[in-house]
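Coordinate analysis (summary)
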Amino acid sequence: MAAYSFSKNVQQQPKPTLKAQLDSIFKVTDANNYVAAIDLIGQLIKDSEQQQNFTYLFHGYNLLSVSHANLRDTVQSLNYSKKALHYAQMSKNDTLISWAYNNLAADLSAHKESQAQALEYYKKSLHIQRRLNDGEFNDAALNLAELYHKMGDYKLMREYLEEAQKSYDPAYIYFDNPLIHLEILWGDYYVSQNVKYRALESYNKAYELIEEKKIDYLALDFYERYAQFLREQNYPDRAYEVQKRFMEYYKNQENLKAQETYQLAQAKFEAAEAKRERNQAKLQQEILDNDLQRKKTQSILLASIIVLMVLFLVYLFYSERLRLGLIKNLKFQNANLEKAKIRAEKSERAKTRFFSTLSHEMRTPLYGVTGMITIFENNPELKKYKDEISSLRFSADHLLEIINDLLDISKLEDDSFKLVKKSFNIKLLVEDVINSFDRNRLRNAQCTLTCDIDRNVPNYVVGDARRIKQVLLNIIGNAIKFTPKGEVCLRLTVKHLESGKHQVRFEVQDNGIGIPKEKQEAIFDEFSQLEELQLREAKGTGLGLPIVRKLLEKMGADIEVESEPGKGSTFSFELLLEEATLLQVTNTNSKKAPIPPKELPADFKGLRFLVVDDNKINRMVTNRILSNFKAEVQEASNGKEAIELVKNQDYDLILMDINMPGLNGYQTTQIIRDFELDVPIIALTASVENYVTRRALESGMNDVISKPFNTEKFFKTIHEQMARRSRAMH
């Protein structure tokens, strides 16, 4: 039902002959004589091309498009709509351009796969109509409402319907009264909203207007579903009347279609007959000339064919041998490529397993180191060694960062890596990033860290907050490292796009030592070190910036660097983010809102814990940490020993290692759950893979803590599990 835009009143004052031709075309199209119209349009286009008149070239191709659309030739209609738009743009006439966009969109909207493009063109047409504001009806708004109705977006459908309604002027004389279209669409909208009485009012008005004007194509498009609606609303007599009128229009249309088909076939036959008669005389003369020439050249041709056949056989023999050789070589190359591909995939998998295993194996002894550091920090007798212990803590934390970087590089090269898209508060995330750089680290670098956020940046967006935070931490940490004295600034700006998304730009600017232009790309190579730029205390693995680039590539972005030695550097990237809806924000907050924790206990006096771990040092560290808080701790070196202890004694909580010889942590937990359901079991593991947490929970464990752990998180997790058990028992 999309309305095509064209006018019988040409706005400019072109040459009279072209205007007269256009008027003649309107007369035959009004009479539905499309065959004659197409012939006249062809002459108009030819004359307009000679005069370079783009206005009439637009009208010619626009009318061709409309004529073919009425003849149900959608392919030709679409082609001519595109040409009409081209010449409308050449004419630089905004009104014609608006019509052209509208008509092209009408052709595209008929197919579901091109409806998105139709929306774009309708909006361009409407944009021009709004700007012109010449009192004309905004038919593009009406068409947008109809298209959104097809797509099921009733909110936007109503928005554009209201705009079209406001532009309607009952005093204006229209070629095709848009009020009918408005009433039909309002009825459709109210049906979708289940406001049946309003739908009935609009449908009745549309019916009366169609009957008044006797508009057959609208009757055929609307009456059948109107009759169905009346039957559903229990108006059988009215439904019968409407259905009867539909059948009358349908029969008239079928008769007219048959007549048009006959006329078209007759016109094609007459054109073909005339062409045949014109060519017959010429053909006879050509036959006589060719007969003479044929006899003269037969002998030459025969000899040439023989020579060509011999040459062809020689070429065929040679090309076949060449083809067989190429096929053999290609098979050999393909086999080598397949082997190389298998070796590369095997190497990549081995690399991933190696990094994962290396991470686990390094975390296990590192847990003993960090655990002992925690014990030393809490020992009042060792306060005089506070600085030495603090240095030891810094070294251990730095080693953990290196292990995490190695694991991240491995994960990012794996095709299974996925981003997690959830709503989050981007301003709170930035605040958390800034606060994570403690005063000691900034004091050691003797620099200040500031933040500047554009007030237009939305509060809540949808994206992977953890990975964005990781990117910012790496870039800012790098900037602080190479700014021994000065300032580091994190800046956020935003650009709002027509699609509704936000292009958020992140910039980290420092006035540190800077990077030469020829070295700027090398800093993103894995394990690279630019020795001439390194401060003695700023050595690193060379993995931070490669991780940043790989993460941004996963997010569809890239990092840019602007730097000059002695003047500092600016690292920037842009992310395309959607603003989170209220429902998304509510769902995310509800998922993240835990039960408000109580104050952590001063001690665990009176509580009995079981530590299960095959590593003696790990058991000793965990035992010592818990014993310092007055807990009664027992140890088990394997799963079988742990099962016997749980059978014979009561425990308030079990800390379970996963990778143990014999019965592993999963199997041990499953056996314990067969006879002990209440005691909380927390996995204490050096693995950080996602599947570990999932499998731990499936086996019956209550939570997972990764080694080496954060002491505050360790106690908080224990407290939460103890609190849950207490609530369950009461």
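Scope of this entry: the structure provided in the associated data block. All values reported here derive from a predicted model rather than from experimental measurement.

A word on the nonpolar core
With 74 residues, the main nonpolar core has F58, Y61, L161, L182, I210, F222 and Y223 as its most contacted residues. Filtering out sequence-adjacent residues up to four positions away, F222 remains in contact with I184, Y203, A206, Y207 and I210.

Comments concerning unusual backbone geometry
Located in the positive-phi region is Q52, a residue other than glycine, with phi close to 55°. With respect to the helices, strands and loops of the structure, Q52 is situated in the loop between α2 (34-51) and α3 (54-70). One non-glycine residue with positive phi stands out, namely K214, at about 55°. Considering the arrangement of structural elements, one finds K214 in the loop between α10 (196-213) and α11 (216-232).

Some words on the packing of aromatic side chains
Counted according to the given criterion, the structure contains 25 aromatic pairs. Aromatic side chains Y61 and Y87 sit 5.6 Å apart centroid to centroid with 5° between the ring planes, which places their arrangement in the stacked category. A residue pair is termed long-range when its members are at least 10 positions apart, and Y61 in helix α3 and Y87 in helix α4 (residues 74-91) qualify at 26 residues. When the ring of F604 is compared with that of F609, the centres are 5.3 Å apart and the planes differ by 55°; the resulting orientation is tilted.

Looking at the packing of α3 against helix α5 (residues 94-108)
Across the interface, α3 lies against α5 with an axial gap of 11 Å and an inter-helix angle of 20°. The angle between α3 and α5 falls in the class roughly parallel. As for the relative orientation of α3 and α5, their crossing is left-handed in sense. Here T55, F58, H59, N62 and S65 of α3 lie close against α5, whose contacting residues are L96, W99, A100, N103 and D107. When its residues are assigned to classes, the contact of α3 with α5 shows four nonpolar, five polar and one charged.

Brief notes about the packing of helix α14 (residues 426-436) against helix α16 (residues 465-481)
At a minimum axis distance of 10 Å, the contact between α14 and α16 shows a crossing angle of 40°. The angle between the axes of α14 and α16 places the two elements in the oblique class. Taken as a pair, α14 and α16 cross one another with a handedness that is right-handed. Counted together, L429, D432, V433 and S436 of α14 and A465, I468, K469, L472, L473 and I476 of α16 form the full contact between these two elements. Broken down by class, the residue content of the contact of α14 with α16 amounts to seven nonpolar, one polar and two charged.

As for the environment of T17
Along the chain, the position of T17 falls in helix α1 (residues 16-30). Residue T17 is classed as partly exposed on the basis of its relative accessible area of 47%. Residues T17 and D47 lie 30 residues apart in sequence; the distance between their C-alpha atoms is 9.2 Å.

Focus on the environment of V585
Here V585 is to be found in helix α18 (residues 582-592). It is 5.8 Å that separates the C-alpha atoms of V585 and S423, two residues lying 162 residues apart in sequence.

Criteria and thresholds
- Residues numbered from 1 in each chain as written.
- Predicted model: local features only at pLDDT ≥ 70, side-chain atom pairs only at ≥ 80, totals over all residues.
- Heavy atoms only, no water.
- Core = buried A, V, L, I, M, F, W, Y, C linked by side-chain atoms within 4.5 Å.
- Buried < 20%, exposed > 50% of the residue type's maximum accessible area, 1.4 Å probe, protein only.
- Contact = heavy atoms within 4.5 Å.
- Helix = DSSP H or I, 4+ residues; strand = E, 2+ residues; numbered from the N terminus.
- Phe/Tyr/Trp six-rings, centres within 6.5 Å; stacked < 30°, edge-to-face > 60°.
- Axes fitted to C-alpha atoms, helices over the stretch in contact; angles between N-to-C directions.
- Parallel < 35°, antiparallel > 145°, perpendicular 65-115°, else oblique.
- Left-handed = near helix turned anticlockwise from the far one by under 90°.
- Nonpolar A, V, L, I, M, F, W, Y, C, P; charged D, E, K, R; others polar.

Just distances and angles here, no functional claims.
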